[in-house]
Amino acid sequence: MHRVSGGVFARLCGSRISNQLNENVCNYSRSLVSPQNGPKIAVVGAGPAGFYAAQHIAQARPDATIDIYEKLPVPFGLVRFGVAPDHPDVKKCISTFNKTAELPNITFYGNTALGRDISLKQLKQCYNSVLLSYGAEEDQRLGIPGEHLKNVTAARSVVSMYNGLPGAQGVEINLDTETVVIIGIGNVAVDVARLILTPIDVLRKYDTTEDWLEKLRSSRVKRVVLIGRRGPLNISFTVKELREMLKLENVRPVFHKEQYLPFKEQVAKQERGRKRVIELLFKSALTEPEPETAERWARAEKEMELKLLRSPLEFLPGRDGKSVEKIKLAVNVMKGDTVMETKETEEIETGLVLRSIGYKSIQADKDLPFNDKKGVAKNVDGRVSEGVYAAGWLATGPRGVIVDTMGTAFKIGANVVADLEKGHKENPGRSGMPSLPKSTSWKDWRKLEKIEMEAGKLIGRPKEKITSVSEMLSKIQS
Ligand code: FAD
Ligand code: NAP
């Protein structure tokens with residue numbers, strides 16, 4: 001019997017499941033079982049879902065051989081390329097991933113993409129279980145007129161640039177404007193607004209790219225406006241992000257009182273999980289700040305404005321007919337939980353609009369059953385078809401923080417283990433797959449990491465990320 005429940009697993013590892021991002025991976029499989037005849041497992045995507053699922057499977061089946069295939073030469077997905085650089089504590093889960101990757105029955109193959117270097121058909125032929133966890137790397141579109149205009153782009157592009165995602169450094173982000181508009185009021189929108197408004201000397205302490213700092217040096221941005229289509233009870237950001245917004249140096253938060261007053265009575269009725277953020281939001285919008293805060297905000301040269309009950313209708317070009325100059329918004333009202341557009345409209349002048357309305361997965365392999373509308377792999381509890389599983393944002397859609405992703409990845413890892421209990425064929429695993437002459441190993445990644453840290457030290461920063469695949473590969477070879 002190899003099945004291990006989440007609770008048992010947590011006890012085995014000596015830590016609580018609700019607080020596992022920093023925990024140690026147990027040394028369970030260092031010695032015990034020879035993986036020769038054990039099941040062969042392929043994991044595709046080395047983000048949190050891939051690592052946590054691999055960790056769970058390795059724990060429950062120490063006889064399994066687990067190969068992790070990752071598109072980029074480097075691991076960690078959105079922990080490296082999504083999480084904001086000024087949230088270094090969130091990235092501590094990396095120490096857990098390192099321990100998983102260094103288990104003797106786990107091998108990392110970087111620079112190896114499903115749909116480019118390997119196919120689902122090959123994986124199914126060679127492995128007993130294939131767990132796809134390649135995330136969501138596209139973004140949702142609004143589908144409104146003018147979305148094609150220059151300087152209307154995805155917030156994801158900004159995230160990728162400040163985090164050094166290969167390929168993102170060439171994308172044009174116009175900060176030569178006074179006002180930036182962000183559509184959507186989730187945590188990604190708030191992260192991006194903060195990273196645009198944070199003073200450079202503060203950001204320098206974190207592992208953001210030199211390219212982003214360079215952009216900020218010439219930035220003219222004085223105001224970032226976040227647009228929410230629903231009311232203040234329907235915000236998607238969380239309390240930590242709101243607190244950071246309120247404390248941001250040289251930035252005054254701007255709320256519109258009239259957008260809060262009709263909903264005031266409902267604050268007390270909010271469910272426990274959301275109450276703290278809603279209470280803080282209403283307090284910030286409707287009450288006078290402490291004198292010290294009021295003075296700080298009065299002195300601030302920049303603004304972060306939260307504009308609610310507005311839906312984007314159209315992007316309007318300037319004189320050149322090519323670049324965005326204005327956004328036209330519908331003024332909305334709430335009827336219960338439903339949002340309705342009125343005939344009233346308003347416009348905001350802007351030189352950069354960022355869509356932050358959610359990420360989206362793609363069908364990386366034609367043989368993967370895929371729900372195009374939802375942008376997820378078709379699955380029931382992570383099961384896609386016999387021996388094929390999906391975990392993380394590819395399976396759930398682009399929602400949830402790392403702890404949520406961990407919880408579902410553990411569950412899907414447990415499903416893989418449960419299905420293997422019925423017995424397994426002797427599959428060849430990696431030795432049956434095509435050769436991968438350009439793949440990177442875990443050792444290669446550790447070498448790159450060291451190079452990044454050393455380069456950072458030279459300029460007094462925590463690290464300087466290498467931002468192109470070709471440079472990563474040439475540094476590995478050097
Ligand atoms: P990912 O992290 O995206 O990992 C997928 C991996 O698959 C990547 O390494 C990718 O390169 C790889 N891949 C893609 N295509 C292929 C392919 N074809 N073949 C092989 N490999 C492939 N959560 C928090 O708890 N705190 C935060 O502060 C936080 N900040 C966030 C900031 C942003 C901008 C975003 C978008 C999310 C943030 N999250 C945060 C949420 C968190 O990042 C996700 O819950 C989590 O990363 C999802 O994990 P995943 O493994 O499903 O996807
Ligand atoms: P999100 O939380 O789902 O927010 C998306 C926002 O876009 C919502 O405000 C949504 O409004 C709006 N939206 C969607 N479609 C729209 C449309 N057609 N027109 C106008 N607005 C639209 O997504 P996210 O910000 O991308 O974050 C994804 C996940 O990652 C979340 O779970 C988030 O918590 C997590 N994350 C966490 C952190 C952190 O912990 N610091 C940082 C970043 C991301 P409605 O609510 O009205 O649909």
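For the structure, see preceding data.
Calculation notes
Residues numbered from 1 in each chain as written. Chains lettered and ligands numbered in written order. Predicted model: local features only at pLDDT ≥ 70, side-chain atom pairs only at ≥ 80, totals over all residues. Heavy atoms only, no water. Helix = DSSP H or I, 4+ residues; strand = E, 2+ residues; numbered from the N terminus. Buried < 20%, exposed > 50% of the residue type's maximum accessible area, 1.4 Å probe, protein only. Contact = heavy atoms within 4.5 Å. Near = heavy atom within 4 Å. Polar contact = N/O pair within 3.5 Å; in protein donor to acceptor, adjacent residues only side chain to side chain. Areas by Shrake-Rupley, 256 points an atom, 1.4 Å probe, with all protein chains shown as cover. Nonpolar A, V, L, I, M, F, W, Y, C, P; charged D, E, K, R; others polar. Domains from an automatic or database assignment. Pairing = 2+ DSSP bridges. Axes fitted to C-alpha atoms, helices over the stretch in contact; angles between N-to-C directions. Salt bridge = Lys/Arg side-chain N within 4 Å of Asp/Glu carboxyl O.

J.: Looking at this structure, how should I read the environment of R141?
T.: In this fold, R141 is placed in the loop between β5 (138-139) and β6 (152-154). Judged by its relative accessible area of 57%, R141 is exposed. In sequence terms R141 and R355 are 214 residues apart; their C-alpha atoms lie 7.5 Å from each other. For R141, the contacting residues outside a window of four places in its chain are E147, R355 and I357.

J.: Mind showing me how you'd approach the site of ligand 2 here?
T.: Neighbouring ligand 2 are 21 residues, the closest being I185, R229, R230, E241 and G400. Within the backbone of G400, one N or O atom sits 2.7 Å away from an oxygen atom of ligand 2. When the free accessible area of ligand 2 is taken as 920 Å², the share hidden by the protein chains comes to 76%. By residue number, the principal contributor to the shell around ligand 2 is helix α7 (residues 187-197), which donates three residues. Of the residues belonging to the shell around ligand 2, the class tally is eight nonpolar, eight polar and five charged.

J.: Even after reading the chapter, I still don't get the site of ligand 1, so can you show me in this structure?
T.: Around ligand 1 sit 34 residues, and of these E70, L78, W393, I402 and T405 come closest. Between an oxygen atom of ligand 1 and a main-chain N or O atom of G77, the distance comes to 3.3 Å. One of the side-chain N or O atoms of T405 is found 2.8 Å from an oxygen atom in ligand 1. The set of elements that each furnish at least two residues to the shell around ligand 1 consists of α2 (48-60), α3 (77-81), α7 and α14 (402-420). By residue class, the composition of the shell around ligand 1 is 19 nonpolar, 11 polar and four charged. Each of two domains, domain 1 (30-137 + 359-477) and domain 2 (142-355), supplies a minimum of three residues to the shell around ligand 1.

J.: Whenever I open this one, the sheet that holds strand β13 (residues 338-349) confuses me. Can you help?
T.: Two pairing modes exist for strands in a sheet, parallel and antiparallel, and in both the strands are linked by backbone hydrogen bonds. Strand order in the open sheet formed by three strands is β11-β12-β13, with antiparallel pairing between adjacent strands. With one partner strand each, in any of the chains shown, β11 (310-317) and β13 form the two edges of the open sheet. Across this sheet, the average inter-strand angle for adjacent strands is 20°, counted without regard to direction. Bridge count between strand β12 (residues 324-335) and β13: nine bridges; the pairing is antiparallel. Bridged to N332 within β13 is E341.

J.: Would you take a moment to explain the pattern of salt bridges for this structure?
T.: When the charged atoms of two side chains with opposite charge come close together, those side chains can pair. Applying the stated criterion across every chain yields a total of 29 salt bridges. Of the charged contacts, one joins K71 and E137 as a salt bridge, the two residues approaching to 2.7 Å between their closest N and O atoms. Placement of K71 in the loop between β2 (65-69) and α3 and of E137 in the loop between β4 (129-132) and β5 is noted, with a sequence separation of 66 residues between them. The class of K71 is partly exposed, set by a relative accessible area of 35%. Note on E137: relative accessible area 35%, which makes it partly exposed. For E346, the salt bridge identified is with R310, shortest N-O distance 3.1 Å. Residue E346 is located in strand β13, and its partner R310 is located in strand β11; the two are separated by 36 residues in the primary sequence. Of the residues examined, R310 reaches a relative accessible area of 11% and is grouped as buried.

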